[in-house]
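As a plain string of letters, each chain reads:
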Amino acid sequence: MKLTDLYPLMARRRDGTLSYDRFRADPELTDLRWPDDVLEQFLFDHGDNTAFINDYNTIDLRDITWRLETIPAADFPSMPTGASDAGCIESYAANPVHWVAVRPPEVARHWDEHGTWLRPPLLIERRLLDPAAGGLQVLEGRTRVGVLRGRLREHLHVAPDHQAWVGRR
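Predicted model, so just to flag it, every value in this text is computed and none were measured.

Asker: Which residues make up the overall build of the protein, and what values go with them?
Answerer: Within the protein, the regular secondary structure consists of nine helices and four strands. Listing every helix and strand of the protein by position from the N terminus yields α-α-α-α-α-β-α-α-α-β-β-α-β. Buried residues in the protein amount to 50% of all 169 residues. Summed over all atoms, the accessible surface of the protein reaches about 8,400 Å², with 50% contributed by carbon and sulfur. In the protein, which carries 21 positive and 26 negative side-chain charges, the distance between the mean positions of the two groups comes to 1 Å.

Asker: Help me get a handle on the sheet that holds strand β3 (residues 136-140), residues and values and all.
Answerer: Pairing is mixed in the open sheet, where four strands are placed in the order β1-β4-β2-β3. What marks the edges here is a single partner per strand, and that holds for β1 (65-72) and β3. Between one strand axis and the next, the sheet turns by 40° as a mean value, whatever way the strands run. In this structure, strand β2 (residues 122-125) lies alongside β3, joined through four bridges in antiparallel fashion. Looking at β3, one finds that E125 is bridged to L136.

Asker: Hey, could you go over helix α9 (residues 142-153) for me, with residue numbers and the actual values?
Answerer: When the terminal C-alpha atoms of α9 are compared, their 16 Å separation across twelve residues agrees well with the 16 Å that a helix rising 1.5 Å per residue should span. α9 sits mainly inside the fold: ten of its twelve residues count as buried. For α9, every residue scored as buried is listed here: R142, T143, R144, V145, G146, V147, L148, R149, G150 and R151. Immediately downstream of α9, the backbone of H155 shows phi near 60°, a positive value.

Asker: Break down the environment of I89 for me, citing the residues and quoting the values.
Answerer: Examined against the element boundaries, I89 turns out to sit in helix α6 (residues 88-93). For the pair I89 and M79, spaced ten residues apart in sequence, the C-alpha to C-alpha distance is 9.5 Å. Beyond its immediate chain neighbours, meaning those up to four positions away, I89 contacts M79, T81, V138, R142, V145, G146 and R149.

Asker: Please provide a residue-by-residue account of the pattern of salt bridges, values included.
Answerer: Under the defined criterion, the tally for this structure stands at 17 salt bridges. Notably, a salt bridge pairs D21 with R24, separated by 3.5 Å at the nearest N-O pair. Of the two residues, D21 and R24 both sit in helix α2 (residues 20-24), three residues apart, roughly one turn of that helix. On the accessibility criterion, R24 (32% relative accessible area) is partly exposed.

Asker: Can you lay out the packing of aromatic side chains for me, pointing to particular residues and giving the numbers?
Answerer: According to the stated counting rule, one finds eleven aromatic pairs in the structure shown. Ring centres of Y20 and F44 lie 5.3 Å apart, and the angle between their planes is 75°; this geometry places the pair in the edge-to-face category. Taken together, the residues Y20 in helix α2 and F44 in helix α4 (residues 36-46) connect sequence positions 24 residues apart. Assigned by exposure class, Y20 and F44 land together as buried. With centroids separated by 5.9 Å and ring planes inclined at 50°, the aromatic side chains of F42 and F52 adopt a geometry described as tilted. You can see F42 sitting in helix α4 and its partner F52 sitting in helix α5 (residues 50-56), a full ten residues away along the chain. On the accessibility criterion, F42 (1% relative accessible area) is buried. F52 sits in the buried class, given a relative accessible area of 1%. Members of the aromatic cluster, connected to one another through ring pairs, are W34, F42, F52, Y56 and W66.

Each value, and the rule that gives it
- Residues numbered from 1 in each chain as written.
- Predicted model: local features only at pLDDT ≥ 70, side-chain atom pairs only at ≥ 80, totals over all residues.
- Heavy atoms only, no water.
- Helix = DSSP H or I, 4+ residues; strand = E, 2+ residues; numbered from the N terminus.
- Buried < 20%, exposed > 50% of the residue type's maximum accessible area, 1.4 Å probe, protein only.
- Areas by Shrake-Rupley, 256 points an atom, 1.4 Å probe, with all protein chains shown as cover.
- Lys, Arg positive; Asp, Glu negative; His and termini not counted.
- Charge placed at Lys NZ, Arg CZ, Asp CG, Glu CD.
- Pairing = 2+ DSSP bridges.
- Axes fitted to C-alpha atoms, helices over the stretch in contact; angles between N-to-C directions.
- Expected span 1.5 Å × (residues − 1).
- Contact = heavy atoms within 4.5 Å.
- Salt bridge = Lys/Arg side-chain N within 4 Å of Asp/Glu carboxyl O.
- Phe/Tyr/Trp six-rings, centres within 6.5 Å; stacked < 30°, edge-to-face > 60°.

Written out as structure tokens, the structure reads:
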């Protein structure tokens, strides 16, 4: 199952007739056995995003297994995102204080107190896109990862490790 196979489902989501609860109950999606947080951030929020389709439509969604993992902060500065969003993370990193300030207050509080994001982003094993590639790629959470990079660069409080959903074969 590819992202483009979800067009009928995404059309119902776009026209407002499909709540997240009804979306996640769709048999095609329940068969994936993905965590709710991943299903919502990836497919519900961005499943029909042109950039996502351009970057991730080659992956069979059934081949991805998601697990919450601890990733060192040192791994994020060199982690890419999809080609369609090249430069996006660095644009957020250029002004991390702003991108935290425009979020709900609990987001800023969490960064100040814990040095990390409130909601884990989604990372994907790059081998799913290119068998010769190594490492991880930011799939969703480009703002969060940009804030992390910017905070590191500006010597603001950043935890040594961060939780992220990681999709692997």
